[in-house]
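Chain residues, written in single-letter form:
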Amino acid sequence: MDWQAIVLSIRLAAIVCAVLLAIGLPIAYWLTFSRWRWKFLVEAVVALPLVLPPTVLGFYMLLAMGSRSPLGRLWERWTGHPLAFTFDGLVIASILYSLPFAVQPIAAAFAQVDRGLLEASSTLGSSRWRTAVRIVLPLSVHGIVAGVVLSFAHTLGEFGVVLMVGGNLPGQTRTVSIAIYDQVQAFRYGEANATALLLLAFSFGVLSIVYALTRRPRAIASRT
Amino acid sequence: MTLAATIRARLSHDFTLDVRFEAPPGVTMVFGESGSGKTTILRCLAGLHRPDEGRIAIGALVAFDSGLRIDVAARRRGLGYVSQDLALFPHMTVAQNLQYGLARLPATERRRRIGAIAAQFRIDHLLARRPGGISGGERQRAALARALVTDPQLLLLDEPLSALDHVTRSRIIEDLRGWNAAHAIPVLYVTHSHREVFALGERVIALERGRVVAEGRPQEVLDTPAHEPLAQLAGFENVFDATVLGADAANGTMRCLLPGGAELEVPLARAAPGAGIRIAIRAGDILLAAGEPSGLSARNALRGEVRSIEREGAAAIVMVDAGCRFQVHVTPAAVESLGLAGGQPVWLVVKTYSCRVVWNQSRES
């Protein structure tokens with residue numbers, strides 16, 4: 001089994017997850033509560049990776065990260081190494097690719113919070129920030145956990161974007177799904193099977209956790 | 001501390017809230033049928049809905065003034081608001097709910113206030129529980145206490161007790177009165193129940209389609225309703241269109257003709273013979289007699305026939321056809337002793353002053 005690829009995938013997923021939590025919460029909050037009339041455009045952009053073929057997304061990101069693009073040049077001047085075909089590039093691509101998987105469950109949970117509770121909070125003297133921290137977040141924990149878990153799992157299993165942006169450099173950009181592809185190409189079916197089985201078991205475990213959390217019988221009972 | 005409000009808010013293309021009223025310290029009932037704009041008034045006062053025009057002054061605080069472009073945020077209005085669904089925070093204990101509005105106070109003061117309010121509203125044994133685990137009445141108490149513990153300058157209650165049984169409700173009301181005896185702030189209490197208006201209010205503001213149609217002491221407003229929907233809300237089960245036959249100015253009465261041909265003597269109103277008026281009579285103000293009554297002070301005895309008898313709680317509702325259909329409330333014991341049954345002839349006895357003129361064609365034109 002390609003342990004190097006597995007460790008790399010987990011590292012990638014963990015970093016992406018942490019970043020998505022940090023930017024996903026404010027984006028989801030804004031999407032839920034903003035009354036801006038053009039909000040639907042932002043919603044569409046956030047959801048784009050859901051419908052776009054990974055190769056299309058990967059292609060444009062490759063262009064954006066290349067040494068000839070402003071972003072690529074800026075990055076090279078800043079860090080001294082290029083963005084395309086590196087782990088850093090992979091992180092950025094994965095964040096964009098997994099964004100809807102973090103934002104949508106969180107936004108759905110925010111939207112489920114009874115507006116009456118938010119109004120009660122403000123008549124009791126709380127600012128919007130305090131209401132968000134004390135009321136909205138605690139009542140949305142299940143959605144936040146679902147968003148984190150889904151984006152972790154989704155990053156772990158992505159293939160097309162990684163191949164386009166990262167290539168297949170061992171220890172740099174070879175993730176577990178690419179390793180499986182490599183093993184199959186080399187007719188090492190036994191190895192591929194072992195790695196695939198590991199991913200399958202992991203994904204099943206993750207989804208079970210998500211569904212168990214989103215069921216939340218206790219929270220529903222205490223609503224009434 | 002007095003609340004003075006002028007509110008204009010267009011809520012839909014054919015409904016505009018347009019009210020002006022004052023509420024002194026004490027309980028003021030805001031009374032009207034659903035859709036009359038009661039809740040919107042509270043939401044405007046609380047800062048949860050922005051009026052299109054108007055001015056809201058809570059004591060010395062100008063909370064809203066469209067002319068001066070003042071619109072104080074809900075959290076800075078210093079008022080207590082209890083919505084119909086109470087909005088207790090489900091993930092917090094009762095104690096944490098009570099504490100929520102006191103974040104700016106030192107911990108010792110917070111504890112002192114929570115202890116005091118919990119004792120006063122008899123929820124001290126529930127402080128460690130969550131709202132999901134206590135009864136409906138206890139939740140109402142917790143929600144009231146949460147609003148009151150912040151020492152509000154104005155208390156807004158949106159049918160907070162409508163889901164409770166009578167006994168629990170009157171106990172909570174007593175506790176609320178006890179609290180307000182010491183604080184003397186205006187309390188606006190929204191309701192659509194005329195029983196609550198009589199039981200609780202020192203003053204009542206009656207609303208109809210977004211306008212104030214009557215204002216004053218409950219007895220005055222509900223006993224002389226000027227509008228038909230208000231009459232029905234205020235518990236006048238019988239509302240008839242009648243024609244004035246003639247006035248007896250010396251006695252302060254007039255005779256009028258009911259649909260179906262029966263005549264009724266009602267209090268004098270300024271209406272010419274032939275004019276249309278509308279008369280409202282409470283079902284509980286009508287007496288039933290099995291034989292023709294004589295020697296009565298009541299001036300009206302109408303002959304009719306029992307159509308149906310229904311039990312509702314401790315009362316029996318008797319429908320009587322006397323040319324037009326009357327609803328009469330009597331006790332089940334009375335039904336038994338009179339031997340009332342469908343098809344039986346009866347006499348309806350109505351005092352002149354139990355009849356209210358709620359609409360008068362002459363005054364309209």
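Computed from a prediction, not measured in an experiment: that's the story for all the values here.

J.: I'm lost on the nonpolar core in this one. Help?
T.: In globular proteins that are soluble, nonpolar side chains generally tend to be buried together. Residue and element names in this part refer to chain B. One finds Ile117, Ile123, Leu155, Leu157 and Tyr189 to be the most contacted residues of the largest nonpolar core, which totals 40 residues. Of all the elements, helix H4 (residues 136-148) adds the most residues to this core, at six residues. Beyond its immediate sequence surroundings of up to four residues, Ile117 is in contact with Leu98, Ala145, Leu148, Val149 and Trp179. Core analysis: the next-biggest nonpolar cluster, separate from the first, contains 33 residues, Met254, Ala262, Ala271 and Leu288 among them.

J.: Honestly, the packing of helix H1 (residues 3-33) of chain A against helix H8 (residues 141-157) of chain A in this entry has me stumped. Any pointers?
T.: A packed helix pair is summarised by two numbers, namely the angle formed by the two axes and the spacing between the axes. All names here are of chain A. One can describe the packing of H1 onto H8 by two numbers: an axis separation of 8 Å at closest approach and a directional angle of 145°. When the axes of H1 and H8 are compared, the crossing they make is right-handed. Residues Ser9, Ile10, Leu12, Ala13, Ala14, Val16, Cys17, Leu20, Leu21 and Leu25 of H1 form the contact with H8, whose own contacting residues are Ile144, Val148, Ser151, Phe152, Thr155 and Leu156. Its residues assigned to classes, the contact of H1 with H8 shows 13 nonpolar, three polar and no charged.

J.: Explain the confidence of the model for chain A to me, please; I cannot follow it from the model alone.
T.: Interpretation of this model should avoid reading the predicted coordinates in detail wherever pLDDT is low. Looking at chain A as a whole, the pLDDT averages 87, with 95% of positions reaching at least 70. pLDDT under 50 marks residues 219-224 of chain A. Its contacts with residues more than four places away, or in other chains, come to seven contacts.

J.: I keep staring at the pattern of salt bridges and nothing clicks. Help me out?
T.: Should their charged atoms come close, side chains of opposite charge can pair. Residues and elements named next belong to chain B. Taken as a whole and judged by the stated rule, the model has 20 salt bridges over all chains. Arg122 is paired through a salt bridge with Asp175; the nearest N and O atoms lie 2.6 Å apart. Taken together, the residues span a long stretch of sequence, with Arg122 in the loop between helix H3 (107-120) and H4 and Asp175 in helix H5 (residues 166-183) at a distance of 53 residues. We classify Arg122 as partly exposed; its relative accessible area is 43%. In this structure Asp175 comes out as buried when scored by relative accessible area, which is 10%. Here Arg307 makes a salt bridge to Asp321, at a shortest N to O gap of 3.4 Å. Here Arg307, found in strand S17 (residues 300-312), pairs with Asp321, found in strand S18 (residues 315-322); they are 14 residues apart in sequence, far enough to count as distant. A relative accessible area of 23% means that Asp321 is categorised as partly exposed.

J.: Even after reading the chapter, I still don't get the layout of surface pockets, so can you show me in this structure?
T.: One number sums up the size of the largest pocket: a volume of about 950 Å³. In this structure, the largest pocket is lined by 27 residues; those nearest its centre are Arg35, Glu119, Ser122 and Arg128 of chain A together with Leu48 of chain B. Within the residue set of the lining of the largest pocket, elements represented by two or more residues are H1, helix H6 (115-123) and helix H7 (128-139) of chain A. Considering every element that reaches the lining of the largest pocket, the biggest residue donor is H6 of chain A, with four residues.

J.: Is there a simple way to think about the interface of chain A and chain B in this case?
T.: A common way to express how large an interface is: the accessible area buried when the components associate. With 21 residues of chain A in contact, the opposing surface of chain B contributes 23 residues. A buried area of about 1,900 Å², summed over both sides, lies between chain A and chain B, and 60% of it is on carbon and sulfur atoms. Interface area lost by chain A to chain B is led by Glu119, Thr123 and Leu124 of chain A, which between them contribute 31%. There are one salt bridge connecting chain A and chain B. Here Glu119 of chain A makes a salt bridge to Arg43 of chain B, at a shortest N to O gap of 2.8 Å. Applying the counting rule to chain A against chain B returns seven residue pairs in polar contact (both at pLDDT 80 or more). Secondary structure elements with two or more residues in the side of chain A that touches chain B: H6 and H7 of chain A. Broken down by element, the residue count for the side of chain A that touches chain B peaks at seven residues, all from H6 of chain A.

J.: Would you explain the pairing of strand S20 (residues 345-350) of chain B in this entry?
T.: The side chains of a regular strand alternate, residue by residue, between the two faces of the sheet. Residue and element names in this part refer to chain B. Most of S20 sits out of view: five of its six residues are buried. As paired strands, S17 and S20 are joined by six bridges and run antiparallel to one another. Opposite Arg303, over in S20, you have Trp347 as the bridge partner.

Quick notes on the rules
- Residues numbered from 1 in each chain as written.
- Chains lettered and ligands numbered in written order.
- Predicted model: local features only at pLDDT ≥ 70, side-chain atom pairs only at ≥ 80, totals over all residues.
- Heavy atoms only, no water.
- Core = buried A, V, L, I, M, F, W, Y, C linked by side-chain atoms within 4.5 Å.
- Buried < 20%, exposed > 50% of the residue type's maximum accessible area, 1.4 Å probe, protein only.
- Helix = DSSP H or I, 4+ residues; strand = E, 2+ residues; numbered from the N terminus.
- Contact = heavy atoms within 4.5 Å.
- Axes fitted to C-alpha atoms, helices over the stretch in contact; angles between N-to-C directions.
- Left-handed = near helix turned anticlockwise from the far one by under 90°.
- Nonpolar A, V, L, I, M, F, W, Y, C, P; charged D, E, K, R; others polar.
- pLDDT = per-residue confidence, 0-100.
- Salt bridge = Lys/Arg side-chain N within 4 Å of Asp/Glu carboxyl O.
- 1 Å grid on protein atoms, 1.4 Å probe; cavity = no way out; pocket = protein on both sides within 12 Å on 5 of 7 lines; lining within 4 Å.
- Points joined across faces, edges and corners; volume = space filled by probe spheres on them.
- Buried area = accessible area lost by both parts, 1.4 Å probe.
- Polar contact = N/O pair within 3.5 Å; in protein donor to acceptor, adjacent residues only side chain to side chain.
- Pairing = 2+ DSSP bridges.

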